[in-house]
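Single-letter residue listing:
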Amino acid sequence: KPEPSVETEVDNRQTEGCFFEGDKRLHRVGSQWHPFVPPFGYIKCAICTCMPGATVNCTRISCPKLTCDKPIRLNPTDCCQICPEEP
């Protein structure tokens, strides 16, 4: 008895998701992820959403307004600065 073809399932999924070139992955409609951009790696300052119609919508993360004089970045890869804790 022949094995059921898996190929038709894969073809159907292609239309229901977004293929993102950066990470070479298929993302479901409605899912969100940080874009992977070689050679830099994951861009934590942006978030991508897979929209219906296999459209990828990437937006920059907005940082909160800070009230301190000298905001700092805890890690070089962090998008947003924070106010250092008072000693």
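Residues numbered from 1 in each chain as written. Predicted model: local features only at pLDDT ≥ 70, side-chain atom pairs only at ≥ 80, totals over all residues. Heavy atoms only, no water.

Per an unreviewed UniProt entry, the chain is named Chordin, and its organism is Ophiomastix wendtii.

S.K.: Residue-level account of the state of the cysteines, with values.
M.R.: Evaluation of the coordinates by the stated rule reveals five disulfides. At a sulfur-sulfur separation of 2.1 Å, the disulfide partner of Cys63 is Cys80. Residues Cys63 and Cys80 are joined through a disulfide that is left-handed, its torsion about the S-S bond being -85 degrees. Of this pair, Cys63 sits in the segment after strand E7 (55-60) while Cys80 sits in the segment after E7, placing them 17 residues apart in sequence. Taking relative accessible area as the criterion, Cys63 reaches 38% and is therefore assigned partly exposed. Two residues, Cys68 and Cys83, share a disulfide whose sulfurs are 2.2 Å apart. Given an S-S torsion of about -95 degrees, the disulfide between Cys68 and Cys83 has left-handed geometry. Highlighted residues: Cys68 in the segment after E7 and Cys83 in the segment after E7, separated in sequence by 15 residues. By relative accessible area, which is 23% here, Cys68 ends up partly exposed. Its relative accessible area of 28% is what places Cys83 among the partly exposed residues. (Disulfide = S-S within 2.5 Å. Helix = DSSP H or I, 4+ residues; strand = E, 2+ residues; numbered from the N terminus. Buried < 20%, exposed > 50% of the residue type's maximum accessible area, 1.4 Å probe, protein only.)

S.K.: Can you explain the sheet that holds strand E3 (residues 32-33)? Please cite residues and give values.
M.R.: The three strands lie next to each other as E3-E6-E7, forming an open sheet whose pairing is antiparallel. This sheet does not close on itself; its edge strands, each paired only once, are E3 and E7. Here E3 runs beside strand E6 (residues 46-51); their pairing, made up of two bridges, is antiparallel. Bridge pairing in E6 places Gln32 opposite Thr49. (Pairing = 2+ DSSP bridges.)

S.K.: Give me the side chain of Ser31: which residues, what numbers.
M.R.: Tracing the sequence through the fold places Ser31 in the loop between strand E2 (25-28) and E3. With residues near it in sequence (within four places) discarded, Ser31 still touches Cys48, Thr49 and Cys50. (Contact = heavy atoms within 4.5 Å.)

S.K.: Describe the pairing of strand E1 (residues 17-20), and please don't skip the residues or the numbers.
M.R.: Relative to E2, E1 runs antiparallel, the two being bridged by four bridges. The residue bridging Gly17 from the neighbouring strand is Arg28, located in E2. Following E1, the chain reverses through four residues before pairing antiparallel with E2; Lys24 in that reversal takes a positive phi of roughly 55 degrees.

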